[in-house]
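# Structure assessment
As a plain string of letters, each chain reads:
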Amino acid sequence: MSTLKSELESALDNGLKEIEIADDAKAVEEIRIKYLGKKGIVSQLLKSVGRLSPEERPEIGKTANLCKTSLAGAVEEKKKSLSSNTVDKSIDISLPGRRRGIGSKHPVNQVIDDAVEIFRRLGFIVADGPDIEDEFHNFDALNTPADHPSRDIQDTFYLPDGRLLRTQTSPVQIRVMESRKPPIRIVAPGRCYRRDTPDATHSMNFHQIEGLYVDKNVSLAELKGTLLTFAHEMFGKDVNVRFRPHFFPFTEPSLEYDFSCVNCNGKGCSVCRQSGWLEISGAGMVDPEVFKHVGCDPEEYTGYAFGMGIERLAMIRYKINDIRLLYENDVRFLRQFNYST
Ligand code: PHE
């Protein structure tokens, strides 16, 4: 009996070793048949059980069961691990990995972030206001008369309740001056809305950055210095700034400002239509009427304000000739601004 037991045990040992080194499913199956098949080694060994005494049988029965279940278990395990290995083998690990498009900052946001960063260094902090404004903040407090053409329903999107989508970021000036006392030095980037017919230079939804500096003795020269510094930081040291007289209800004097053409250095080219200058936006000294609306004493304080068209800056910076490209979200276009890859 002890021979039978040790024979079963060594069959188990050998079987496990063979399973261990088998390297495909076919070989494992052959080992299973060799040991556990009807005519397999284990069955052959158990044929002699009949010769054992009844007392000896339970012990051998136990050993035989252990032998069978262990071998069957090992066969299953091996088959499983081989089949998962097979999947792995089907992958060519020498191939380069699949690239994931991680996206990139939209050029409009890129310009906003860079502009804010420049103004931050000049001591401005960021302020914010709602896209849905009331007439008071968008027009009245900005000294815009009731019959001013910009208030016309043809220019402004009105909501049924009389509120409107802000046509400019200038209402943030009002909100800031209502809520804090000078000195004030803020920039306010954000969306604006106008009933414009979209074309290469117009969009119904665009972005501006508003700037406002209010303190004692703020001068127009400081406005020019700030805009010149901005132009240098954004477009390089060769860029110049010029002022042209203009009119805005909320500034006096008012002006429009241009940067010398970054494409031809002011010599004149197709980008600047031979003028050497690129129009950026409007600016001026805060009108005393505006100060009165927000309870700020125009005898004590002066200030300057400016606007900036973000899309305008982006188009200059990235040499884009149609504003609509910025909104179509064509990845072939946007991919060009992905600096991270
Ligand atoms: N809000 C004006 C515009 O949209 C620009 C501007 C801002 C002008 C601040 C003067 C001062 O055209």
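Look up a bit, the structure's there.
In short, a report on the structure.

Definitions and cut-offs
Residues numbered from 1 in each chain as written. Predicted model: local features only at pLDDT ≥ 70, side-chain atom pairs only at ≥ 80, totals over all residues. Heavy atoms only, no water. Helix = DSSP H or I, 4+ residues; strand = E, 2+ residues; numbered from the N terminus. Rg over C-alpha atoms; globule rule 2.2 N^0.38 Å. Buried < 20%, exposed > 50% of the residue type's maximum accessible area, 1.4 Å probe, protein only. Contact = heavy atoms within 4.5 Å. Lys, Arg positive; Asp, Glu negative; His and termini not counted. Charge placed at Lys NZ, Arg CZ, Asp CG, Glu CD. Phe/Tyr/Trp six-rings, centres within 6.5 Å; stacked < 30°, edge-to-face > 60°. Core = buried A, V, L, I, M, F, W, Y, C linked by side-chain atoms within 4.5 Å. Near = heavy atom within 4 Å. Polar contact = N/O pair within 3.5 Å; in protein donor to acceptor, adjacent residues only side chain to side chain. Areas by Shrake-Rupley, 256 points an atom, 1.4 Å probe, with all protein chains shown as cover. Pairing = 2+ DSSP bridges. 1 Å grid on protein atoms, 1.4 Å probe; cavity = no way out; pocket = protein on both sides within 12 Å on 5 of 7 lines; lining within 4 Å. Points joined across faces, edges and corners; volume = space filled by probe spheres on them. Axes fitted to C-alpha atoms, helices over the stretch in contact; angles between N-to-C directions. Parallel < 35°, antiparallel > 145°, perpendicular 65-115°, else oblique. Nonpolar A, V, L, I, M, F, W, Y, C, P; charged D, E, K, R; others polar.

### Focus on the overall build of the chain
- Across its full length, the chain carries 11 helices and nine strands.
- Scaling as 2.2 N^0.38, a compact globule of 341 residues should have a C-alpha radius of gyration of about 20 Å, whereas the chain reaches 40 Å, well beyond that.
- Referenced to the eigenvectors of the C-alpha coordinate spread, the extents of the chain come out at roughly 120 × 45 × 40 Å.
- When the 341 residues of the chain are sorted by exposure, 41% land in the buried category.
- Residue pairs in contact within the chain that sit at least 24 positions apart in sequence constitute 66% of those at least 6 positions apart.
- Put simply, the chain has 46 plus and 50 minus side-chain charges, and the middle of one group is 10 Å from the middle of the other.

### Here we look at the packing of aromatic side chains
- All chains considered together, the criterion is met by 12 aromatic pairs.
- The interplanar angle of 75° and the centroid separation of 5.4 Å between the aromatic rings of Tyr213 and Tyr304 together place this pair among those described as edge-to-face. On the criterion of sequence distance, the pair formed by Tyr213 in strand 5 (residues 205–215) and Tyr304 in strand 9 (residues 302–309) is long-range, its members being 91 residues apart.
- For Tyr213, a relative accessible area of 10% translates into the label buried.
- Residue classification places Tyr304 among the buried positions, given a relative accessible area of 1%.
- Taking 5.1 Å as the distance between ring centres and 65° as the angle between the ring planes, the aromatic pair formed by Phe333 and Phe337 counts as edge-to-face.

### Focus: the nonpolar core
- The biggest cluster of nonpolar side chains holds 46 residues, and the ones touching the most others in it are Phe230, Tyr257, Phe259, Tyr304, Phe306, Met308 and Leu313.
- Listing elements by their share of this core, those giving two or more residues are helix 5 (107–121), strand 5, helix 8 (220–235), strand 7 (251–260), strand 8 (277–286), strand 9, helix 10 (310–318) and helix 11 (331–334).
- Per-element accounting of this core gives the leading share, seven residues, to helix 5.
- For Phe306, the residues in contact, after removing those within four places along its chain, are Phe119, Val187, Ile209, Glu210, Gly211, Leu223, Leu227, Tyr257, Gly282 and Ala283.

### What to know about the site of the ligand
- Near the ligand there are 14 residues, and of these Gln168, Ser170, Arg194, Gln208 and Gly307 occur at the shortest range.
- Ser170 places a side-chain nitrogen or oxygen 2.9 Å from a nitrogen atom of the ligand.
- With respect to the ligand, the side chain of Arg194 contributes an N or O atom lying 2.9 Å from an oxygen atom.
- Coverage of the ligand by the protein chains reaches 92% of its 330 Å² of free accessible surface.
- Secondary-structure elements contributing two or more residues to the shell around the ligand are strand 5, strand 8 and strand 9.
- With three residues, the top contributor of residues to the shell around the ligand is strand 9.

### With respect to the sheet that holds strand 4 (residues 184–193)
- Taken together, the seven strands give an open sheet; going across it, the order is 1-4-5-9-8-7-6, and neighbouring strands pair in mixed fashion. Strands at the two margins of the open sheet, each flanked by one partner only, are strand 1 (125–126) and strand 6 (241–248).
- As paired strands, strand 6 and strand 7 are joined by seven bridges and run antiparallel to one another. Of the residues in strand 7, the one forming a bridge with Val241 is Phe259.

### Details of the layout of surface pockets
- The space that makes up the second largest pocket amounts to roughly 270 Å³.
- The wall of the second largest pocket is formed by 11 residues, among which Gly101, Ile102, Gly103, Arg335 and Asn338 lie closest to the centre.

### Some details on the packing of helix 8 against helix 10
- Remark: helix 8 packs on helix 10, axes separated minimally by 11 Å, with the N-to-C direction vectors making an angle of 45°. In terms of orientation, helix 8 and helix 10 fall into the oblique class. Between helix 8, through Phe230, Met234 and Phe235, and helix 10, the contact on the second element is made entirely by Leu313, Ile316 and Arg317.
- Residue composition of the contact of helix 8 with helix 10, by class: five nonpolar, no polar and one charged.

### Considerations on the side chain of Glu210
- Looking at where Glu210 falls in the secondary structure, it is placed in strand 5.
- In this structure the side chain of Glu210 is engaged in a polar contact, spanning 2.7 Å, whose partner is the side chain of Thr169.
- Polar contacts involving the side chain of Glu210 include one to the side chain of Gln173, which spans 2.6 Å.
- Setting aside chain neighbours within four positions, we find Glu210 in contact with Thr169, Ser170, Gln173, Ile186, Val187, Ala188, Phe306 and Gly307.

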